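# Residue-level structure breakdown
Read off the chains here:
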Amino acid sequence: MKNKYYITTTLPYVNSSPHIGFAAEVIRADVLARYNRQLGNDVFFNTGTDEHGLKIFRNAEEQGVTAQEYCDGFAAEFTKLKETLNLSFDNFIRTTDEYHIKAAQEFWKRCEANGDIYKKNYKVKYCVGCELEKTESELVDGKCPVHPNQEIEEIEEENYFFRWSNYQEKLLKLYKDNPDFVIPKHRLTEIKNFVESGLNDFSISRLKEKMPWGISVPGDEDHVMYVWFDALTNYVNTLGWPEGENFKNFWPGMQVAGKDNLRQQSAMWQAMLMSAGLAPSEQVLIFGFITSGGQKMSKSLGNVINPIELVEKYGIAAVRYFLLSELVPFEDGDFTIEKFEEAYNVNLANGLGNLVSRTANLIGKNEIEIDIKENSDKDFEGNVKKKMDIYRFDEAMRVIWGKIKESDEFLSNKAPWKMEDKQEIKEVLEIVAQNVLNIAYHLKPFLPGIAEKITEQYTQKQITKGDPMFPRV
RNA sequence: CGCGGGAUAGAGCAGUUGGCAGCUCGCCAGGCCCAUAACCUGGAGGUCACCGGUUCGAAUCCGGUUCCCGCAACCA
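Residues numbered from 1 in each chain as written. Chains lettered and ligands numbered in written order. Predicted model: local features only at pLDDT ≥ 70, side-chain atom pairs only at ≥ 80, totals over all residues. Heavy atoms only, no water.

### Overview of the domain arrangement of chain A
Using the following cut-off: Boundary definitions for the domains trace back to an automatic or database domain assignment. Note: buried area is the sum, over both parts, of the accessible area (probe 1.4 Å) each one loses when the two are combined. Note on definitions: salt bridges are taken to be side-chain nitrogens of Lys or Arg within 4 Å of carboxyl oxygens of Asp or Glu.
Each domain of chain A was delimited in the assignment, giving domain 1 (4-287) and domain 2 (336-458). Spacing between the C-alpha centres of domain 1 and domain 2 amounts to 42 Å. Both faces considered, domain 1 and domain 2 share a buried interface measuring about 1,100 Å² in area, 70% of it formed by carbon and sulfur atoms. Looking at the side of domain 1 facing domain 2, the largest losses of area belong to Val-31, Tyr-35 and Gln-38, adding up to 51% of the total buried there. Linking domain 1 to domain 2 there are 0 salt bridges.

See the structure below:
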């Protein structure tokens, strides 16, 4: 019987084009999905788009289109990432999908039935930029410190609230019983501290007459759900919850997110799950951010890196390689075009590409037939696994590149191009070719396209030299 | 004392449970010449931010200090 493995990314909010940080997140999730498929597990991999809320409603108004049209445009752009980033997701959920809307309403009803939803008068200052209410202590000079150029709006209305405060002890118990619940450890510490400091119930609805772009609250046509409540439920809705077979088979699952999402994923959502009577997530991975030249990416600084343009210029393998290999997933990492090109030249062109070329060439020129098979090296496999078990994609790739270096050294030592005896040459090249084929095998989750190409080349009866896979830049 | 992260070769970074300080680029010298001006070998270059402690032994653990950064700019 196959193990079930469910993994989901967060759903990016569709108010701008795909961010390189989200690209890193979804590619890491893709690696875990592909790796688990390779291990023989039955995998369900989810991503999608978060499409409700005031910010989107207003953006659409400004552009003179309906909110749905506005979202459709972005959703198409994000869907295209499947090809652009070579992703293997099984479902792409949009929070405007009919099945999501129905399930989100069902989720609401369950929380309500459990006594965790109540109505109260709500008078608070609200920052449209954050889509969040602000307490007086959070404001600086009466303005949101995050969006100082936007006016704080006063909202006074009856809202529904979620009794987050009911879940403080249960969340702390969850963290205590599952010390690996949040990876890395320091993020678990952070969320534990936050929950310990006390939880305030949060508002989960908005008046429809003011902000119609949301999912109707069950049994109250005057309200729509607050975007966070609706969006978080996608992680089970995508599995067909409440009835779907997939839900029974795959939940609970792995969740990955950027560090800005720690609170939502590991505390708010977990409390919501408990309230609805569902099991908490299996584990939450919290990734670091990507800076650009040591600074936060910002349009005004002009240092925003567009992952799609990067792929168009350098190819998807180069982009996946950099994001997976040159960054420590759980810490902030820096991107510059210089580092990117250096990594490309050193590791893909001179390293992987060159080894594949020189080996194939030597075999072809000598007209040698060799006998090798996929994944023949159990030590190699074990070393990769050790790193994958702790989600260190960078170190797993370092293991793979160690095998490349070892093969280059071996070739230089043996110098088969000086040998006369065909049998002797064959013995050397068979070892190296076997290494290359194993490298390709372990590369499949990381650089699927390239790995397939190498595998195809090296499983021919007569291996011959191909065109360079990575021309130097 | 809001919560976290960080300081390691000229630059950029890694360093898991304490055990001879590593990687890439750059620099110097050599080799090879099968391969994409690539590949291999050797070398120079370190007060592991600072002070103290634990230990046979600390980049690593503990306490303190200084300086950066994120949470918290349009954002994942």
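### Concerning empty space enclosed by the protein
The criterion, for reference: Each cavity reported here is a set of points on a 1 Å grid over the protein atoms alone in which a 1.4 Å probe fits but cannot get out, each pocket an open set with protein on both sides within 12 Å along at least five of seven lines, and each lining residue one with an atom within 4 Å of a point. Grid points are joined across faces, edges and corners, and a volume is the space filled by probe spheres set on the points. Each helix corresponds to a stretch of at least 4 residues labelled H or I by DSSP, and each strand to a stretch of at least 2 residues labelled E; elements are numbered beginning at the N terminus. Note that Gly is not counted as nonpolar here; it falls among the polar residues with everything else outside the nonpolar set of Ala, Val, Leu, Ile, Met, Phe, Trp, Tyr, Cys and Pro and the charged set of Asp, Glu, Lys and Arg.
Here the structure, examined in full by the defined rule, presents 2 cavities of 30 Å³ or more. Taken together, Tyr-35, Gln-38, Leu-39, Glu-381, Val-384, Lys-385, Tyr-441 and His-442 form the lining of the largest cavity. Those elements that provide at least two residues to the lining of the largest cavity are α1 (20-38), α15 (378-389) and α17 (422-443). Shared between two domains, the lining of the largest cavity holds at least three residues of each, these being domain 1 (4-287) and domain 2 (336-458). Volume-wise, the second largest cavity comes out at about 40 Å³. Lining the second largest cavity, in full, are Pro-12, Phe-22, Val-26, Thr-47, Gly-48, Phe-78, Leu-81, Leu-87, Phe-89 and Phe-92. Where the lining of the second largest cavity is concerned, the elements lending two or more residues are α1 and β2 (42-49). Residue classes in the lining of the second largest cavity are distributed as 8 nonpolar, 2 polar and no charged.

### A look at the sheet that holds strand β9 (residues 205-207)
To keep it simple, the criterion reads: Here, any two strands with at least 2 DSSP bridges between them count as paired. Residues are treated as being in contact if the distance between any of their heavy atoms lies within 4.5 Å. All axes here are fitted lines through C-alpha atoms, helices being fitted over the stretch that makes contact, and every angle between N-to-C directions spans 0 to 180 degrees.
Taking strand neighbours across the sheet as the criterion, the 3 strands line up as β9-β11-β10 in an open arrangement whose pairing is antiparallel. Sheet topology places β9 and β10 (216-217) at the edges, where each strand pairs with a single neighbour. Alignment of β9 against strand β11 (residues 220-225), held across 3 bridges, turns out to be antiparallel. Paired with Leu-207 across the strands is His-223, a residue of β11. Helix α5 (residues 98-113) rests against β9, β10 and β11 of the sheet, and its axis sits at about 100° to β11.

### Some points on the sheet that holds β2
Spatially, 6 strands are ordered β3-β2-β1-β12-β13-β7 in an open sheet, and the strand pairing comes out parallel. Of all the strands in the sheet, just β3 (91-94) and β7 (182-183) have a single pairing partner and so form its edges. Sheet topology note: the strand β12 (residues 254-258)/strand β13 (residues 283-287) ladder contains 5 bridges and is parallel. Each bridged residue has a counterpart across the sheet, and for Ala-257 the counterpart in β13 is Ile-286. Sitting on the sheet, helix α11 (residues 262-275) is in contact with β7, β12 and β13, with an inclination near 140° to β12.

### Considering the nonpolar core
The criterion, for reference: Definition used in this section: a nonpolar core is a set of buried Ala, Val, Leu, Ile, Met, Phe, Trp, Tyr and Cys residues joined via side-chain atoms within 4.5 Å. Relative accessible area decides the class of each residue, using a 1.4 Å probe on protein chains only: under 20% of the type maximum gives buried, over 50% gives exposed, and in between gives partly exposed.
One finds Leu-323, Leu-352, Trp-401 and Phe-446 to be the most contacted residues of the largest nonpolar core, which totals 103 residues. The two domains that each donate at least three residues to this core are domain 1 (4-287) and domain 2 (336-458). Beyond its immediate sequence surroundings of up to four residues, Leu-323 is in contact with Ile-20, Ala-23, Ala-24, Ile-27, Arg-28 and Ile-290. One finds Ile-101, Phe-107, Ile-215 and Ala-276 within the second-largest nonpolar core, a separate group that totals 50 residues.

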